[in-house]
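What the coordinates show
Residues per chain, in single letters:
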Amino acid sequence: MMKSRILLVVFLCFGLAVWAQPEPALSASQILHRIQKLKVLGSVLYIAAHPDDENTRLITYLANDKLYRTAYLSLTRGDGGQNLIGDEQGIELGLIRTQELLAARRIDGGEQFFTRAFDFGFSKNPDETFEKWNKEKILSDVVWVIRNYRPDVIITRFPTTGEGGHGHHTASAILAVEAFRAAADPKRFPEQLKWVQPWQAKRILWNTFSFGSVNTTDPSQFKVNAGGYNSLLGKSYGELAAESRSQHKSQGFGSAAARGDSYEYFKVLGGEAPQNDVLDGVNTSWNRIGKDGAAIEKLITDIENKFDYTAPQKSVAALVQLYKELDKIKSSSYWVPQKLKEVQQLIMWCSGLFIDAWTHQPYVVQTGNVDIQVAVNNRTGVPANLINITVEDQNLAPNTQLDKNKNYVFSKSIIVPLTKAISQPYWLREKKEEYTYTVKDQLLIGIPDVHPAYVAQVRVNVYGEDFVFEKPVRYKYTDPVKGEIYQPLPVVPPATITTSPHLLIFNGQQSTQTLNVQLHANTKLEGRVTTGLRGVKYSGPQPADIVLEKGSTKSYHFTISNIDNANRAYVVNPYAEKNNDRDTIAYALALRSIRYDHIPAITYFYPDQAVALSIDLKTAGKKIGYIPGAGDKCAQILERMGYDVTVLDRTAVLTTDLRKYDAIITGVRAYNTNEWMNEVYEKLMTYIHEGGNLIVQYNTSNNIGPLRAKIGPYAFNISRNRITDEQAKVKLLDPSHKVFNFPNKIVASDFDGWIQERSIYHADSWDSNLKPLLSMADPGERPHDGSLIVGKYGKGYFTYTGLVFFRQLPAGVPGALRLMANLIALNQEQ
Ligand SMILES: [Zn+2]
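Calculation criteria
- Residues numbered from 1 in each chain as written.
- Predicted model: local features only at pLDDT ≥ 70, side-chain atom pairs only at ≥ 80, totals over all residues.
- Heavy atoms only, no water.
- Helix = DSSP H or I, 4+ residues; strand = E, 2+ residues; numbered from the N terminus.
- Rg over C-alpha atoms; globule rule 2.2 N^0.38 Å.
- Buried < 20%, exposed > 50% of the residue type's maximum accessible area, 1.4 Å probe, protein only.
- Contact = heavy atoms within 4.5 Å.
- Areas by Shrake-Rupley, 256 points an atom, 1.4 Å probe, with all protein chains shown as cover.
- Lys, Arg positive; Asp, Glu negative; His and termini not counted.
- Charge placed at Lys NZ, Arg CZ, Asp CG, Glu CD.
- Pairing = 2+ DSSP bridges.
- Axes fitted to C-alpha atoms, helices over the stretch in contact; angles between N-to-C directions.
- Salt bridge = Lys/Arg side-chain N within 4 Å of Asp/Glu carboxyl O.
- Polar contact = N/O pair within 3.5 Å; in protein donor to acceptor, adjacent residues only side chain to side chain.
- Donors = N, O, S within 2.8 Å, 3.2 Å for Na, K, Ca; no water.
- Parallel < 35°, antiparallel > 145°, perpendicular 65-115°, else oblique.
- Left-handed = near helix turned anticlockwise from the far one by under 90°.
- Nonpolar A, V, L, I, M, F, W, Y, C, P; charged D, E, K, R; others polar.
- Phe/Tyr/Trp six-rings, centres within 6.5 Å; stacked < 30°, edge-to-face > 60°.
- pLDDT = per-residue confidence, 0-100.

1. Points about the overall build of the chain
- Within the chain, the regular secondary structure consists of 17 helices and 45 strands.
- What you see for the chain is a C-alpha radius of gyration of 30 Å, in line with the 28 Å of a compact globule of 830 residues.
- Across the 830 residues that make up the chain, the buried fraction comes to 57%.
- At a minimum sequence separation of 6, the contacts of the chain that also span at least 24 residues come to 74%.
- Carbon and sulfur atoms form 48% of the exposed surface of the chain, whose accessible area is close to 34200 Å².
- A gap of 2 Å separates the mean positions of the 92 positive and 86 negative side-chain charges of the chain.

2. Some remarks on the sheet that holds strand β26 (residues 512-521)
- Read across the sheet, 3 strands follow the order β24-β26-β29 without closing on themselves; strand pairing throughout is antiparallel. Of all the strands in the sheet, just β24 (495-500) and β29 (553-561) have a single pairing partner and so form its edges. Taken pair by pair, the neighbouring strands of this sheet meet at an average axis angle of 25°, ignoring direction.
- With 9 bridges joining them, β26 and β29 adopt antiparallel strand pairing. Among the inter-strand pairings, threonine 512 is bridged to a residue of β29, identified as serine 561.

3. Brief notes about the side chain of aspartate 53
- One can find aspartate 53 in the loop between β1 (43-48) and α3 (56-64).
- Comment: no salt bridge for buried aspartate 53; closest opposite-charge side chain is arginine 97, at 6.8 Å.
- A distance of 3.1 Å separates a polar side-chain atom of aspartate 53 from the backbone nitrogen of alanine 49.
- Beyond its immediate stretch of four places on either side in the chain, aspartate 53 contacts Ala48, Tyr72, Arg157, Phe158 and His169.

4. Quick look at the sheet that holds strand β3 (residues 111-114)
- If you walk across this open sheet you meet the 7 strands as β3-β2-β1-β4-β5-β11-β8, and the pairing is mixed. Each edge of the open sheet is held by one strand with a lone partner, namely β3 and β8 (222-225). On average, adjacent strands in this sheet sit at an angle of 30° to one another, irrespective of strand direction.
- The pairing of strand β4 (residues 153-156) with strand β5 (residues 203-208) spans 4 bridges and is parallel. Residue pairing in the sheet places isoleucine 154 in a bridge with isoleucine 204 of β5.

5. Some thoughts on the coordination of the zinc ion
- For the zinc ion, the protein coordination sphere consists of His50 (ND1), Asp53 (OD) and His169 (NE2), at 2.1 Å.
- Each donor residue of the zinc ion belongs to the same chain, with the gaps between them written as H-x2-D-x115-H. Of this pair, histidine 50 sits in the loop between β1 and α3 while histidine 169 sits in helix α7 (residues 167-182); the two residues are 119 residues apart in sequence, bridging distant segments of the chain. The residues histidine 50 and histidine 169 share a single accessibility class, namely buried.

6. Brief notes about unusual backbone geometry
- Of note, the amide linkage connecting serine 500 to proline 501 takes the cis form, showing an omega dihedral of -5°.
- For the bond running from phenylalanine 742 to proline 743, omega is -5°, close enough to zero to count as cis.
- Within the secondary structure, proline 743 is located in the loop between β40 (730-732) and β41 (763-764).
- With a phi angle near 65°, leucine 67 is a residue other than glycine that sits in the positive phi range.
- Looking at the element boundaries, leucine 67 is found in the loop between α3 and β2 (69-74).
- Phi angles above zero are rare outside glycine, and aspartate 393 is one such case at about 70°.

7. Re the packing of α3 against helix α8 (residues 237-245)
- One way to put it is that α3 packs onto α8 with a least axis distance of 8 Å and a crossing angle of 125°. By the angle between their axes, α3 is oblique relative to α8. Handedness of the α3/α8 crossing: right-handed. Taking contact as the criterion, the partners of Thr56, Arg57, Thr60, Tyr61 and Asn64 in α3 are, on α8, Tyr237, Leu240, Ala241, Ser244 and Arg245.
- Split into classes, the residues belonging to the contact of α3 with α8 amount to 4 nonpolar, 4 polar and 2 charged.

8. Some details on the packing of aromatic side chains
- Under the defined criterion, the tally for this structure stands at 26 aromatic pairs.
- Taking 6.1 Å as the distance between ring centres and 70° as the angle between the ring planes, the aromatic pair formed by phenylalanine 158 and phenylalanine 209 counts as edge-to-face. Of the two residues, phenylalanine 158 sits in the loop between β4 and α7 while phenylalanine 209 sits in the loop between β5 and β6 (210-211), which places them 51 residues apart along the sequence.
- Aromatic side chains tyrosine 323 and phenylalanine 467 sit 4.7 Å apart centroid to centroid with 75° between the ring planes, which places their arrangement in the edge-to-face category.

9. What to know about the confidence of the model for the chain
- Chain-level pLDDT for the chain is 93 on average; 97% of the residues reach the 70-or-more range.
- Within the model, pLDDT remains below 50 along residues 1-22, and this stretch shows 45 contacts once partners closer than five positions in the same chain are excluded.

10. Some words on α8
- Within α8, 7 of the 9 residues are buried, which leaves it mostly tucked inside the rest of the structure.
- Three or more residues of α8 are buried, namely Tyr237, Gly238, Glu239, Leu240, Ala241, Ala242 and Ser244.
- Its buried side turned inward, α8 meets α3, α4 (91-108), β9 (229-230) and β10 (235-236).

11. Let's talk about the side chain of threonine 170
- Secondary-structure assignment places threonine 170 in helix α7.
- Not counting the four nearest positions on each side in its chain, threonine 170 is found in contact with Pro126, Pro159, Thr160, Thr161, Gly162 and Gly165.

12. Some points on the environment of valine 739
- Structurally, the position occupied by valine 739 is in the loop between β40 and β41.
- Its relative accessible area of 0% is what places valine 739 among the buried residues.
- Other than its neighbours up to four places away in sequence, valine 739 contacts Ile746, Leu773, Leu788, Val790, Leu819, Asn822, Leu823 and Leu826.

Listed below in structure tokens is the structure:
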């Protein structure tokens, strides 16, 4: 009993996250590889900051050549990086990159963990990083993962001394080194000792690197050759590593396969130096668990020696015997439950036992039903009996003898109560703090993924021993093009609610605004429904009896007027309630589904809020042409500000008389993403010269994002200078300039309340016809003046700005809206 409970905890906390894909059946040579792995009791934990920081070649080598249990702890989920495959940002990008890491680990054989740290974007140094993250909080998470996973050796990607560049990188190394000691100290984070024991890893190494101009490797360092070939897998480690790394598609990290010797170099950060192998001095044999280990090792060697490539099922009886012997061992070593799990998997693979659990419903609804099917096939005919199949305490199958290669399919419809939790990723259940996720249940910390909503427990007796195989219930369907597809099965509420627009601006000229609320029925909705808004005064529809069919939507309109003119932002939350005689069911969440072919479908829920902003905002000029770039929401916000916005593509720019636009604004990275900007350069310059106004938001100028055209009428460079501190003090270099005076008077408080950062990709080395207007500095750095440069050309104006309007405008930051209005008004009569 005790042992099975431990197994369960191990499974829940650190089970392999293979649930989102069909579990692969292994071929005979792959099975032998796993049998060999049974003999190795050693583990490595790789630690860095982001998805993509990990060295997939080293992980592949450690997991598949050295056969160590190997894992990657990424402090963040990569929420702050750039997204090359879609417009998801922030927590949504973190959800995508979480799945990309899991996809990578399925290939390289590693496991995956995270902390609660939020990737808030670029950070120049670890001090800023720690201040934002709360160093003790993230250190406690690293310690928690170490105490759970118990690595023999910890490896960092980065040094503590800053050569890793990004502040998160250096912070990850500092935390790893501190956690290496703190995990062993019972006085540190003693509240964790209710569940785990202190753990001292043997050593901590830094995996030195050569990236671009920074080379921290040296032939004299301890090194291993990670470039070998594995004939059981039919691949070089450099090939597997490239496949793994190529899963980071949102970052454009498709990689070429490498073959041939390839060395990984290390420096020692703690513990004694290794001579031959990263695990030097660690007993990785079965002796590690005590005197009973030798007999276990002999059983495994025997299985390995007698393994028949043409009939792996011949090993099943011996594997069951091994399982029984291992289960009897009275050892406190965590290796016993770990290896029991591996042996059980091998029994399944060797026997060819097929177990699958699915539904044909793409999602299940609280208060609805789920029709679950489970199939079992004893494909090689080992002596086996199905004892039962349970899902949430419901039994699906009677005791059945499993004949050779016969399909046994069982089904059951299960009620989904209103109390069944919706499929919200655990790190998004509570409101996020600014720079960390909130996770109240300690046992969830570190876990990479969402738990499946339903798990089938399939109890099978094989050669006289009972095994419980757990299979997540997935949505299975056949796509006419892609074939059979498995997806996670989300639980959704009976109705979801969304709102539009997301920003309402009240500025005297606009004193009444309409907010639209949409109620979507995920199941038939019938009864008296009350809708309303929280956070603001409004008038709207009265409660009414409705019948809303499954899959349909009903719209409600609310009028908000006369918000006081005090430069305040009101967060507005829409809600709906269905009132019965007895109870009230509230609907307050929207559903977001993210789909890409290389990862399982992602579902999460969020309150779809609007912001009602009262602001002293004057505008001059009306018609704006907007040339989209990599994707931003500025055009919608400009409309909310009262402008008429026309989105311009290549044809529109080439064929329209641009003089009708008071200003033309380019979206973020327009000169990186639009191949055709060169074709419209002359026309845009003529537009300015004749009295127009061109405002260019940031672009990059580097290998990944080269410029496709000249930008302005005068020369300037684009640098990597940026101001990451969103509270950095801002100095107006020429307070009398029109930009700061018309139609809005820009004052110091206009730089209050900015989010995430001030500016990126500043201008540099600009022509004397361009004038810098703002000066700002990150803490401890010299000021930089390239965030906003403006120049007169002919009768018109040109502006280049690295100020992150694309973040500030959708967030309704008043000063940013006022400053943008002034940039648009540059060519207007004062
Ligand atoms: Zn990184």
